[in-house]
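Architecture and fold: a report
Read off the chains here:
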Amino acid sequence: MRRVLVTNVTQYAGPGTVPVLLRAGFRVVCHDPSFADGAVRTRYAAAYPGVDCLDARDPEEIFGVAGDAVDVVVCNDVFPITRNAIEDVAVEDLRATFEAVLVFPFRLTQLYLPAMKQRGSGTFVFITSARPRRPEPGFATPTAIRAGTTAFALALAKEAAAYGIQVNVVAPNYLYSELYYPRAAFVDDPAGREAIAATVPAGRLGEPEEIGELVSFLASGRSTFTTGEVIGFTGGWP
């Protein structure tokens, strides 16, 4: 049974990925900043029986609590987006995004990579973004930094392949999530639904468990020759 660590499980791709991984028979270790509250951890564990909820915030704490016996690391990293012209982007916001979306998974990778190299196996899945494929005005910060995370994953894939380690990127856009495409604005509101239908060829937002199925396949080890790939999850948008 493969042991999978998923970061930020209550946000972005996490809500759809965890239930799919559980159904597929993975042992799931969950990180989320909200788990600093014991009541939140208890409620989450009750909702998803079998998960291991970590009371850990930074990569060092995650590694210290979960240990190195992890077969798959799913870096599902998040930071709120504020639409701004480039000249209006606050440097503090740029740095905070960089820390959350690039430094965090980079450091987590550094911690888990040595044990995977020693075993001769392991998998990383990075949930980044499709935004760099089609930049839009006002979103320079997430576009640039998500591109950096994707580039890091590709560099990792090149270095790690000789050790039997698989590395891939899932690049979403127009995935339903309360952080980026909330239900009230893009599902319940007819104007929001029309805007999505006019922008996304599939005519809708991606469903959480649809991206979960993709992550589950990449975590499964069934096609380890598939490495160094950036797989879009966009309903045909780019």
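Residues numbered from 1 in each chain as written. Predicted model: local features only at pLDDT ≥ 70, side-chain atom pairs only at ≥ 80, totals over all residues. Heavy atoms only, no water.

The subject of this paragraph is the nonpolar core. When a protein is soluble and globular, its nonpolar side chains tend to lie buried together. Ranked by size, the top nonpolar core spans 38 residues in total, and within it Val 28, Cys 30, Tyr 44, Val 74, Ile 127 and Val 170 carry the most contacts. When residues of this core are traced back to their parent elements, those giving at least two are β1 (3–6), α1 (14–23), β2 (27–30), α2 (38–47), β4 (72–76), β5 (122–127), β6 (165–172) and α8 (208–220). No other element matches α8, which puts five residues into this core. Apart from the residues within four sequence positions on either side, Tyr 44 is in contact with Val 9, Thr 10, Val 18, Cys 30, Phe 35, Val 51 and Cys 53. Residues Ala 56, Val 73, Leu 113 and Phe 152 belong to the second largest nonpolar core, which totals 27 residues. (Core = buried A, V, L, I, M, F, W, Y, C linked by side-chain atoms within 4.5 Å. Buried < 20%, exposed > 50% of the residue type's maximum accessible area, 1.4 Å probe, protein only. Helix = DSSP H or I, 4+ residues; strand = E, 2+ residues; numbered from the N terminus. Contact = heavy atoms within 4.5 Å.)

Right, let's get into α1. Across the ten residues of α1, seven count as buried, placing the element largely inside the fold. Every buried residue belonging to α1 is among Gly 14, Gly 16, Thr 17, Val 18, Pro 19, Val 20 and Leu 21, and all of these are buried. At its buried positions, α1 is contacted by β1, β2, α2, β4 and α8. Positive phi shows up at Gly 25, right after α1, with a value of about 95°.

Moving on: the environment of Glu 87. Relative to the helices and strands, Glu 87 is located in the loop between β4 and α4 (91–119). Along the sequence, Glu 87 and Gly 138 sit 51 residues apart, while their C-alpha atoms lie 9.9 Å from each other.

In this section: the side chain of Gln 166. Note that Gln 166 resides in strand β6. When near neighbours in sequence (up to four residues on either side) are disregarded, Gln 166 contacts Gly 122, Thr 123, Phe 124, Leu 218, Gly 221, Ser 223, Thr 224, Thr 226 and Thr 227.

The phi dihedral of Asn 8 is positive, around 50°, even though this residue is not glycine. Following the sequence through the fold, Asn 8 ends up in the loop between β1 and α1. Positive phi, close to 55°, is recorded for Tyr 12, a residue that is not glycine. By the element assignment, Tyr 12 lies in the loop between β1 and α1. Its relative accessible area of 7% is what places Tyr 12 among the buried residues.

This paragraph deals with the packing of aromatic side chains. Applying the stated criterion across every chain, the model contains ten aromatic pairs. Plain terms: the ring middles of Tyr 44 and Tyr 48 are 4.8 Å apart, the flat faces sit at 40° to each other, and that makes the pair tilted. An angle of 25° between the planes, with centres 4.3 Å apart, marks the rings of Phe 106 and Phe 152 as stacked. Placement of Phe 106 in helix α4 and of Phe 152 in helix α5 (residues 140–160) is noted, with a sequence separation of 46 residues between them. (Phe/Tyr/Trp six-rings, centres within 6.5 Å; stacked < 30°, edge-to-face > 60°.)

On to the pattern of salt bridges, then. Enumeration according to the criterion identifies six salt bridges in this entry. The residue Asp 52 makes a salt bridge to Arg 3 at a minimum N-O spacing of 4.0 Å. Pair noted here: Asp 52 is in strand β3 (residues 52–53) and Arg 3 is in strand β1, with a separation of 49 residues, a long-range link. Notably, a salt bridge pairs Arg 41 with Asp 55, separated by 3.8 Å at the nearest N-O pair. Of the two residues, Arg 41 sits in helix α2 while Asp 55 sits in the loop between β3 and α3 (59–66), which places them 14 residues apart along the sequence. We classify Asp 55 as partly exposed; its relative accessible area is 47%. (Salt bridge = Lys/Arg side-chain N within 4 Å of Asp/Glu carboxyl O.)

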